[in-house]
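# Inside the fold
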Amino acid sequence: MLTVLTICLPFFALIFLGTWLRYSNFITESFSKDLSKFAFYIAMPPYIMFTIAKTDISHFFDIKFLLSYEVITVIIFCLSALLSKYFIKIDKKQIGFFGLNSSYPNYGYIGIPLSILAFGDKAAIPLSLILFADTLILLILTVFFVAKTRSNYSLIQSLIKIPLMLIKNPLLIAVILGALISIYKIQLFPILTTTLTYLANSAIPAALISLGAMLFIKIESKHIFKELIMISIFKLILHPLFVFIIFFIFPIENKIWMQTAILISCLPVAANVFVLADHYGDYQIRSSQAITLSTVLSIFTVPIVLYLLLKVNF
């Protein structure tokens, strides 16, 4: 358990350091947003690129692993969206965003550094596969639900925009560059390597502090609280449970890949969910609240899942 706490506590300490800095007015709201942009677009990409570049990606693609994880992603998204419609009775235009909150883990700010710290650089390959495939699947599901529930959105036109949205994702670009460096044994100029290394070293603290600074929750009613609790249950408990079950039924040879997938699935709601909700002009406030509550609750759930992953033999 000491190993788990050594891995997890510094992460959550930095997150809530960011929260304290924001609420003590040491940093402003605009600065926290700028810090988040710096972490996502500048610092995290070289961190991911170097991590993947150091790994052997000769067995990069595993269709069984990918299908297993993505089947669960689709199930969690659709099941949560369906239940939100019939049990919480939210607006049908919002059920897609409810499903997105319930199935989109925080890879960038928490998942990537936490998995690599817990399982080593070998976790970089399954992380890359999940990052790419999951982003694609969740974008398609979100676009589908938005188009089906709103007359002013065309499904075809929205789907056409997905490749552009993927290209604009700096983490996906970093995955591709890291893979190319690994495959072709590319040697970067020493000055460039040193500069990017400095940026990579700032990725984890910048990402976690900015995430903490953006945490905000103001629950206006019991109905809203039920929504947030349901999202948190799906994201923090049911998602990793379903991923564990599918790998228990259809195991793969690589233990670290399974451990990484389960750990990723138990993470809180991704900050990108708010960005997508804001893009479509709906469910923004509730998404920001879900990010906050799930992050707070993950202080207790993530260490438990990590402890089980390190102790249980697959």
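Quick summary incoming for the structure in this document. (Residues numbered from 1 in each chain as written. Predicted model: local features only at pLDDT ≥ 70, side-chain atom pairs only at ≥ 80, totals over all residues. Heavy atoms only, no water.)

### Focus: the overall build of the protein
Counting its regular elements, the protein contains 15 helices and zero strands. Taking 2.2 N^0.38 as the reference for a compact globule, 314 residues should give roughly 20 Å; the C-alpha atoms of the protein span a radius of gyration of 19 Å, in line with that estimate. Considering only C-alpha atoms, the protein reaches an extent of 55 × 50 × 45 Å along its principal axes. Across the 314 residues that make up the protein, the buried fraction comes to 53%. Nonlocal contacts in the protein, meaning residues at least 24 apart in sequence, comprise 85% of its contacts between residues at least 6 apart. Surface exposure of the protein reaches about 15000 Å², of which carbon and sulfur atoms provide 70%. Distance between charge centres in the protein, computed from 22 positive and 13 negative side chains, equals 5 Å. (Helix = DSSP H or I, 4+ residues; strand = E, 2+ residues; numbered from the N terminus. Rg over C-alpha atoms; globule rule 2.2 N^0.38 Å. Buried < 20%, exposed > 50% of the residue type's maximum accessible area, 1.4 Å probe, protein only. Contact = heavy atoms within 4.5 Å. Areas by Shrake-Rupley, 256 points an atom, 1.4 Å probe, with all protein chains shown as cover. Lys, Arg positive; Asp, Glu negative; His and termini not counted. Charge placed at Lys NZ, Arg CZ, Asp CG, Glu CD.)

### Description of a nonpolar patch on the surface
Taken together, the side chains of Met1, Leu5, Leu9, Ile304, Tyr307, Leu308 and Val312 define a hydrophobic patch exposed on the protein surface, amounting to about 600 Å² of accessible area. Breaking the nonpolar patch down by element, the ones donating at least two residues are helix H1 (2-23) and helix H15 (284-311). When residues in the nonpolar patch are grouped by element, the largest group, three residues, is from H15. With respect to the helices and strands, the residue Leu9 is situated in helix H1. (Patch = residues over 30% accessible without salt bridge, like charges linked within 9 Å, V, L, I, M, F, W, Y side chains within 5 Å. Salt bridge = Lys/Arg side-chain N within 4 Å of Asp/Glu carboxyl O.)

### Section: the side chain of Thr260
Relative to the elements of secondary structure, Thr260 occurs in helix H13 (residues 255-265). Of the polar contacts made by the side chain of Thr260, one reaches the backbone oxygen of Ile256; its length is 2.8 Å. Ignoring anything within four residues of it in the chain, the contact list for Thr260 reads Ser115, Phe119, Ala123, Pro126 and Leu127. (Polar contact = N/O pair within 3.5 Å; in protein donor to acceptor, adjacent residues only side chain to side chain.)

### Observations regarding the environment of Asp121
Within the secondary structure, Asp121 sits in the loop between helix H5 (107-119) and helix H6 (124-149). Sequence-wise, Asp121 and Phe300 are 179 residues apart; in three dimensions their C-alpha atoms are separated by 25 Å. Not counting residues up to four positions away in its chain, the partners in contact with Asp121 are Thr51, Lys54, Thr55 and Ile116.

### Observations regarding the packing of helix H2 (residues 29-53) against helix H11 (residues 203-213)
Where H2 contacts H11, the axes come no closer than 8 Å and their chain directions differ by 150°. In terms of orientation, H2 and H11 fall into the roughly antiparallel class. As H2 packs across H11, the resulting crossing turns out to be left-handed. On the side of H2, the interface is formed by Ser32, Leu35, Ser36, Phe38, Ala39, Ala43, Met44 and Tyr47, while H11 contributes Ala203, Ile204, Ala206, Ala207, Ile209, Ser210 and Ala213. In terms of residue class, the contact of H2 with H11 is built from twelve nonpolar, three polar and no charged. (Axes fitted to C-alpha atoms, helices over the stretch in contact; angles between N-to-C directions. Parallel < 35°, antiparallel > 145°, perpendicular 65-115°, else oblique. Left-handed = near helix turned anticlockwise from the far one by under 90°. Nonpolar A, V, L, I, M, F, W, Y, C, P; charged D, E, K, R; others polar.)

### A word on the state of the cysteines
Under the defined criterion, the tally for this structure stands at zero disulfides. Free cysteine: Cys8, not disulfide-bonded; nearest cysteine sulfur from Cys266 at 8.4 Å. Given a relative accessible area of 1%, Cys8 falls into the buried group. (Disulfide = S-S within 2.5 Å.)

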